[in-house]
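# Examining the three-dimensional arrangement
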Amino acid sequence: MRNVLEFVAGNQDRYLAQLFEILRIQSVSADPSRAGEVRRAGQWVADFLAGAGFEHVAVMETGGHPAVYGEWLHAPGTPTILVYGHYDVQPEDPIDKWVILKTPFEPEVKDGQIWGRGTSDDKAQCLTHLFALEAWLKVHGRLPCNVKVFIEGEEEGGSGGTHDFVRAHKDLLACDAVALSDTSWFSPEQPTIVYSLRGISYFQVDVKGPNRDLHSGVYGGMLRNPLNAIGLIIAGLQDAHGRVTIPGFYDDVVELTDDEKAEFRKVSVPDAERMKDLGVDALWGEEGYTSLERNWGRPSFDVHGIWGGFSGEGSKTVIASEGGFKFSCRLVAAQDPDKIGALLQKELPKLAPPGVTVKVTYLHGGTPVMVPTDSAFLRAGQDAMEAAFGRRPVLVREGASIPITAVFLEALDAPSIMVGYGLDSDNIHGPDEHFPIRNFWKGIDAGVHLYEAFSRVRQA
Ligand code: BES
Ligand code: MN
Ligand code: MN
């Protein structure tokens, strides 16, 4: 192990250069015009794996963006770990809000941070594993345990094709546990392992009114304005107490226990501090729950975008013929995303007033995930991070989603060990995304320890 850590320490310049190579690839999975860039990033990962000494490396077709596979399975008697990550990234817009780094795909190191789209989510985090594994192979010609690598290219869009691929290739991907780094720390100095993620159901709503755009003076007052109707629908989805109004929405929600609430209280940040950080004068959400309880343990409703009509400079008196909005609900155990999807498709149109028609499209879903906190693999993850960072990671929940972890659990019966190195302040999905370079270096060290720690897990 010491030799491996020394190898890693001696290769930092190359690691940064290679990270920059993949960061320069504009693998925005949501943008059809950059599908070739997404594939190119996948090919970069495949080339890296082959060069590192992985076998059966392939760029696999999924129906959506491709996923990359590679394996090294010559450690009999040890567990098999599936390393997961995603090489796709979020769109970079609004580009004019990138201030520190004006070029999202031309990364830079500045002020102890690596700046660029996909640094924290998820290219640098993902590469910590690949660099650590490569180091084991280069130094010892072998890995401490059996490893399959599975890096996808469409996580940011819901992963439809990749989920199907996992379900259809259970033998190929069979493993004892999944290891990934795609989460963030509870606070900047506190190494953290996430053991629970919320699920999600994501929707698009299209609202249509008159058959053409109308002059709002000539026709105004005669008919329902579809954009006003959008306001009504959105306002109708959640009541003044922060609860989703759709009948049946909470039917499957498992209530937080008093013990869980007590656990949350131990790690809560005061609301006043949170308000200051976010620049708001109040927090808000479902009544009867603390902000952390709401974020970790309650379902949510959030509109992501609204469109239609005129929003250019100046003024235009128009009643647009159509508009729409996108929204999602985060889900908790034991809500089922497809069931919530069907429920909203049935119930949401009832909130629409006469004079408009609404079409609700359920775009994608992800099931909430809970990793048993007594898992020996989780303990191994804590040991590895403690060895690298000098501080024992806490186990916390997370309000965000990584839907494929639920598919791994269901299809492969494998828990996901989420040894993440990001910070909430990394601006993932936003302008000026960054990742602390210290966590990059120590994350690679943690990766070196991780596969050694996994190798010592003996299962019943
Ligand atoms: N890596 C994030 C999820 C995440 C962010 C976990 C911060 C922990 C801390 C992931 O790439 C992501 O953005 N997930 C999406 C899923 C969606 C597209 C289905 C999310 O949570 O919105
Ligand atoms: Mn991610
Ligand atoms: Mn993301």
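Residues numbered from 1 in each chain as written. Chains lettered and ligands numbered in written order. Predicted model: local features only at pLDDT ≥ 70, side-chain atom pairs only at ≥ 80, totals over all residues. Heavy atoms only, no water.

### A closer look at the overall build of the protein
- Within the protein, the regular secondary structure consists of 14 helices and 18 strands.
- Taken over C-alpha atoms, the radius of gyration comes to 23 Å for the protein, in line with the 23 Å a tight globule of 460 residues would show.
- By its C-alpha atoms, the protein is 80 × 50 × 45 Å across when sized along the principal axes.
- When the 460 residues of the protein are sorted by exposure, 54% land in the buried category.
- Considering only contacts within the protein whose residues lie at least 6 apart along the sequence, 79% involve residues at least 24 apart.
- For the protein, the accessible surface area stands at approximately 19,700 Å², while carbon and sulfur atoms represent 51% of it.
- One way to put it: in the protein the 43 positive side-chain charges average out to a point 1 Å from where the 63 negative ones average out. (Helix = DSSP H or I, 4+ residues; strand = E, 2+ residues; numbered from the N terminus. Rg over C-alpha atoms; globule rule 2.2 N^0.38 Å. Buried < 20%, exposed > 50% of the residue type's maximum accessible area, 1.4 Å probe, protein only. Contact = heavy atoms within 4.5 Å. Areas by Shrake-Rupley, 256 points an atom, 1.4 Å probe, with all protein chains shown as cover. Lys, Arg positive; Asp, Glu negative; His and termini not counted. Charge placed at Lys NZ, Arg CZ, Asp CG, Glu CD.)

### A word on the packing of aromatic side chains
- This structure, assessed with the given rule, holds 18 aromatic pairs.
- Ring centres of Phe186 and Trp296 lie 6.2 Å apart, and the angle between their planes is 65°; on these two criteria the pair is classed as edge-to-face. Taken together, the positions of Phe186 in the loop between strand S7 (177-180) and strand S8 (192-197) and Trp296 in helix H10 (residues 291-297) put the pair 110 residues apart, joining distant regions of the chain.
- Look at Trp296 and you get buried, because its relative accessible area is 7%.
- Joined through ring pairs, the aromatic side chains of Tyr15, Trp44, Phe48, Phe131, Phe440 and Trp441 make up one cluster.
- Over the ring of Tyr250 we find Arg243, and its NZ or CZ is 4.0 Å from the ring centre. (Phe/Tyr/Trp six-rings, centres within 6.5 Å; stacked < 30°, edge-to-face > 60°. Lys NZ or Arg CZ within 6 Å of the ring centre and 35° of its normal.)

### A look at the coordination of the manganese ion (ligand 3)
- For the manganese ion (ligand 3), the full set of protein donor atoms is Asp121 (OD), Glu156 (OE), Glu156 (OE) and His429 (NE2), at a range of 2.1 to 2.4 Å.
- Coordination at the manganese ion (ligand 3) is irregular: its six donor atoms span angles of 57 to 155° at the metal.
- Counting along the primary sequence, the residues that act as donors to the manganese ion (ligand 3) give the motif D-x34-E-x272-H.
- The metal-metal distance between the manganese ion (ligand 3) and the manganese ion (ligand 2) is 3.6 Å, with Asp121 coordinating both. Here the residue Glu156 occupies a position in the loop between strand S6 (146-152) and helix H5 (160-168), and His429 occupies one in the loop between strand S17 (416-419) and strand S18 (434-436), the gap between them amounting to 273 residues.
- Residue Glu156 is classed as buried on the basis of its relative accessible area, which comes to 17%.
- Residue class for His429 comes out partly exposed when judged on its relative accessible area of 40%. (Donors = N, O, S within 2.8 Å, 3.2 Å for Na, K, Ca; no water. Tetrahedral: all angles 85-135°; square planar, octahedral: opposite > 155°, others 65-115°.)

### Thoughts on the sheet that holds strand S14 (residues 357-366)
- Pairing in this open sheet of four strands is antiparallel, and the strands run S11-S13-S9-S14 from one edge to the other. Each of the sheet's edge strands pairs with one partner strand only, and the pair in question is strand S11 (302-308) and S14. Strand-to-strand twist across the sheet, computed as the mean angle between neighbouring axes with direction ignored, equals 15°.
- In terms of strand pairing, strand S9 (residues 199-208) meets strand S13 (residues 322-331) through ten bridges, oriented antiparallel. When the bridges of S13 are listed, Ile200 appears paired with Arg330. (Pairing = 2+ DSSP bridges. Axes fitted to C-alpha atoms, helices over the stretch in contact; angles between N-to-C directions.)

### A word on the side chain of Glu398
- One can find Glu398 in strand S16 (residues 394-398).
- Buried charge without a salt bridge: Glu398, with Arg198 as the nearest opposite-charge side chain at an N-O distance of 7.0 Å.
- Apart from the residues lying within four places of it in its own chain, the contact partners of Glu398 are Ser184, Val194, Ser196, Leu197, Arg198 and Trp296. (Salt bridge = Lys/Arg side-chain N within 4 Å of Asp/Glu carboxyl O.)

### Details of the nonpolar core
- In terms of nonpolar packing, the biggest core is built from 98 residues, with Leu19, Phe54, Phe150, Phe440, Tyr451 and Phe454 touching the most fellow members.
- Residues within four places of Phe150 in sequence aside, it is in contact with Ala67, Val68, Leu82, Val83, Tyr84, Gly85, Thr162, Phe165, Val166, Leu173, Ile404 and Phe408.
- Of all hydrophobic cores here, the second largest spans 27 residues; its members include Ala229, Val253, Phe327 and Val360. (Core = buried A, V, L, I, M, F, W, Y, C linked by side-chain atoms within 4.5 Å.)

### Structural notes on the site of ligand 1
- Close to ligand 1 lie 17 residues, the nearest being Glu155, Asp182, Arg330, Ser401 and His429.
- Between ligand 1 and the protein, one listed contact pairs an oxygen atom with a side-chain N or O atom of Asp121 at 3.1 Å.
- Here Asp182 contributes a side-chain N or O atom positioned 2.8 Å from a nitrogen atom of ligand 1.
- Burial of ligand 1 by the protein chains amounts to 91% of its free accessible area of 520 Å². (Near = heavy atom within 4 Å. Polar contact = N/O pair within 3.5 Å; in protein donor to acceptor, adjacent residues only side chain to side chain.)

### What about the confidence of the model for the protein?
- Summary statistics for the protein give a mean pLDDT of 97 and a share of 100% for residues scoring 70 or more.
- Across the protein, element-level confidence peaks in S6 with a mean pLDDT of 99 and bottoms out in helix H8 (residues 258-266) with 94. (pLDDT = per-residue confidence, 0-100.)

### Quick look at the environment of Leu16
- With respect to the element layout, Leu16 can be found in helix H2 (residues 12-23).
- Residues Leu16 and Trp441 lie 425 residues apart in sequence; the distance between their C-alpha atoms is 9.7 Å.

### Some words on the side chain of Glu154
- One can find Glu154 in the loop between S6 and H5.
- Of note is the side chain of Glu154, whose polar atom sits 3.2 Å from the backbone nitrogen of Gly161.
- Residues contacting Glu154, with those up to four places away along its chain left out, are Ser29, Thr62, Gly64, His65, Asp88, Ser159, Gly160, Gly161 and Thr162.

### Section: the coordination of the manganese ion (ligand 2)
- Protein coordination at the manganese ion (ligand 2) comes from His86 (NE2), Asp121 (OD), Asp182 (OD) and Asp182 (OD), with a distance range of 2.0 to 2.4 Å.
- Each of the six donor atoms bound to the manganese ion (ligand 2) contributes to angles spanning 57 to 168°, and the resulting shape is irregular.
- Spacing between the donor residues of the manganese ion (ligand 2) along the chain follows H-x34-D-x60-D.
- Overall, Asp121 belongs to the buried group, its relative accessible area being 6%.
- Since its relative accessible area comes to 13%, Asp182 is described here as buried.

### Topic: the domain arrangement of the protein
- Its domain assignment divides the protein into domain 1 (2-197 + 368-455) and domain 2 (199-253 + 299-366).
- Centre-to-centre separation of domain 1 and domain 2, based on C-alpha positions: 35 Å.
- Of the residues lining the interface, eight residues belong to domain 1; the matching set on domain 2 comes to ten residues.
- Roughly 600 Å² of surface becomes buried between domain 1 and domain 2 when both sides are summed, with 61% attributable to carbon and sulfur atoms.
- For the domain 1 face of the interface with domain 2, the top three residues by lost area are Pro368, Ser401 and Pro403, together amounting to 64%.
- Taken together, domain 1 and domain 2 are joined by zero salt bridges.
- Put simply, domain 1 and domain 2 have two residue pairs in polar contact (both at pLDDT 80 or more) between them. (Domains from an automatic or database assignment. Buried area = accessible area lost by both parts, 1.4 Å probe.)

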